[in-house]
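Observations on the three-dimensional arrangement
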Amino acid sequence: MTTPKIRVRFAPSPTGPLHIGGVRTALFNYLFAKHNGGDFLLRIEDTDQTRYVPGAENYIMEALDWCGIKIDEGPREGGPHAPYRQSERKELYAGYAQQLIDSGHAYYAFDTPEELDALRTDAEVHGGTFTYNNLTRKGLKNSLTLPGSACAALLASGEPHVVRFKMPENLVVEETDLIRGHVQFNSDQLDDKVLFKSDGMPTYHLANVVDDHLMEITHVIRGEEWLPSMPLHVLLYEAFGWRATMPQFSHLPLILKPVGKGKLSKRDGDQLGFPVFPLAWKDPETGDVSRGYREDGYLPDGFINMLSLLGWNPGTEQEIFSMEQLIESFSLDRVGKSGSRFDPEKTKWFNHQYLIRHTDEELAGLFAPFLNSKGITVSQELLVRVTGLVKERCHFVHEIWDQGFFFFEAPTTYDEKIVSKRWKDGVPGMMAEIAGFFGNLENWQAPAIKEPFSLFVTEKGWNFGTIMNSLRLCLVGGSFGPDIFEICEIIGQPETISRIQKAVQNIPAVIG
RNA sequence: GGUCUGUUCAUCUAAGGGUUAGGAUUCAAGAUUUUCAUUCUUGCCAUAGGGGUUCGAAUCCCCUACAGACUACCA
């Protein structure tokens, strides 16, 4: 007997943008599959037509693309088990529901949503909870209580009905979770879940089990919120007679808010100023726009690296991982059990690490659009050089502008703090002299400027700190940026002199 | 309320009965950079509490506390 090929699926519901937690689930599935030479499938779980959100499915695929998570089989890619959209597999599920009814594992229920709601609110008033289970099903309207003829008549008349799972009584359901180990439940605590809805669509539970079986999924890796429904799924596999090929389950820990209680939500991002979505998303209903990591200038590989370490660790002290390295090192048994708080600061740090690891050319390519949007066109050579000079001081691509705008245009304002600190009485005069000195230089290469300049300042008996910082103020408008002589060389001799003259004219001397 | 799951520095985590409980982020200090950032060094900071088991417990067991998830004809 050969071991089957590892096959996992990421099965989101297209009800909106994917958030960080979903991306991580997809990532761990992907890493697990690829580590084991298996397949990663995308299956769209759109069985709830009322929650369909246009654009969400595309968003999911675009987000995975951006992250570098490659789909082997999916609605766009196709594959041997197509279609991969549950709404397109609709016809399939009724037969399986029927199979369960025939074998006595499921039954028809005719209770209306209104009747059930009433039962629930009534139970609540009395401090309890209504559960559709072996205790209550005897008193409700279903094929277990109705005489066969009455039931058949109702079905024939097209009376709306659902199919419910007949949860066995007092049965201990045991299962091994690859992350959590042995987990057990008593079936008495579970309810008769709806498997097939009155609108002709299956619920998640049925569709998920049927599709995982049909698609030959070997491992189900999903969020912890699914743990409580694991026993139902196991029982479903057993009812279908698929126990032997049932996938192995793993439930990933949750991603929690950076501060406060509870799991990470969209609101946290808005409040704390960081994205919770990989890509920006415009809500088609409200028009609200949520920011995305991509749009905020995060690099996908850094984003993925950060996510990979949320709940997983390699057991070594390495923390910078390319996708290839992640695939190489990933294993489910190094995934933790406890929830992780999301840390936006560390995410920034990761981005910086990836920013400085990118070549100047790559970064320049990413930065070029920012420059274009400001109507600035420069040579590729200059762009690459400037990028290389300032990248170490940036956390984000767009900060290349903040750190290096003065290479492209003269400063229009001067940092007041620095002015009051540096622009003392004698300084404008000194700067004017320096402008004159620069005008006489023949060789305008950074080292060739620095040497005679140092000599000149020494001869004058000026204070180096004052001169350098003041000169920097003239050239960039503040107290930042790379080496001054590099700046001089790049912006050129006339521009250097002109900026000094402009500063001398425009910055009023500080008295005292 | 019930069921299930979890709990090591502020945060992400290592240590799968024997280490001064390690690393990273943040923060602080110093060095470097005649600026800023980077980089380097140093520092601060943790086994939720209580009981066991054991020569020995972060690690195994029990209780308590806290946290979270689930409890829909949603996924």
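Everything below is about the structure printed above this text.
Residues numbered from 1 in each chain as written. Chains lettered and ligands numbered in written order. Predicted model: local features only at pLDDT ≥ 70, side-chain atom pairs only at ≥ 80, totals over all residues. Heavy atoms only, no water.

**Considerations on helix H1 (residues 20–35)**
Inclusion rule: Only DSSP runs of H or I with at least four residues qualify as helices, and only runs of E with at least two residues qualify as strands; both kinds are numbered from the N terminus onward. Working rule for helices: expected span equals 1.5 Å times residues minus one. In this scheme, a residue with accessible area under 20% of its type's maximum is buried, one over 50% is exposed, and one in between is partly exposed, where area comes from a 1.4 Å probe on protein chains only.
With 16 residues, H1 should cover 22 Å at 1.5 Å per step; its first-to-last C-alpha distance of 22 Å lies within 8% of that length. Of all 16 residues in H1, 14 are buried; the element is thus mostly enclosed. Immediately downstream of H1, the backbone of Gly37 shows phi near 65°, a positive value.

**Examining the packing of helix H16 (residues 427–439) against helix H20 (residues 493–506)**
To keep things clear, this is the line we draw: Inter-axis angles, ranging from 0 to 180 degrees, are taken between N-to-C directions of lines fitted to C-alpha atoms, where helices are fitted over the stretch in contact. Each angle is binned into one of four classes, with values under 35 degrees roughly parallel, values over 145 roughly antiparallel, values of 65 to 115 roughly perpendicular, and all other values oblique. Working rule for handedness: look at the near helix, and if it is turned counterclockwise from the far one by less than a right angle, call the crossing left-handed; if clockwise, right-handed. Contacts between residues were defined by any pair of non-hydrogen atoms, one from each residue, lying within 4.5 Å. Classification convention: Asp, Glu, Lys, Arg as charged; Ala, Val, Leu, Ile, Met, Phe, Trp, Tyr, Cys, Pro as nonpolar; all other residues, Gly among them, as polar.
Packing of H16 against H20 brings their axes to within 9 Å, and their N-to-C directions diverge by 160°. When the interaxial angle is binned, H16 and H20 end up roughly antiparallel. Of the two elements, H16 crosses H20, and the hand of that crossing is left-handed. Within the contact between the two elements, H16 uses Pro428, Met431, Ala432, Ile434, Ala435, Phe438 and Gly439 and H20 uses Gln493, Thr496, Ile497, Ile500, Gln501 and Val504. The residue inventory of the contact of H16 with H20, partitioned by class, reads nine nonpolar, four polar and no charged.

**Details of the pattern of salt bridges**
The condition that has to hold: What makes a salt bridge here is a side-chain nitrogen of Lys or Arg within 4 Å of a carboxyl oxygen of Asp or Glu, nothing more.
Evaluation of the coordinates by the stated rule reveals 31 salt bridges. For the salt bridge of Glu433 with Lys460, the shortest nitrogen-to-oxygen distance reads 2.7 Å. Taken together, the residues span a long stretch of sequence, with Glu433 in helix H16 and Lys460 in helix H17 (residues 446–460) at a distance of 27 residues. What you see here is one network of salt bridges that share partners, running through Arg9, Arg43, Glu45, Arg89, Asp211 and Asp212.

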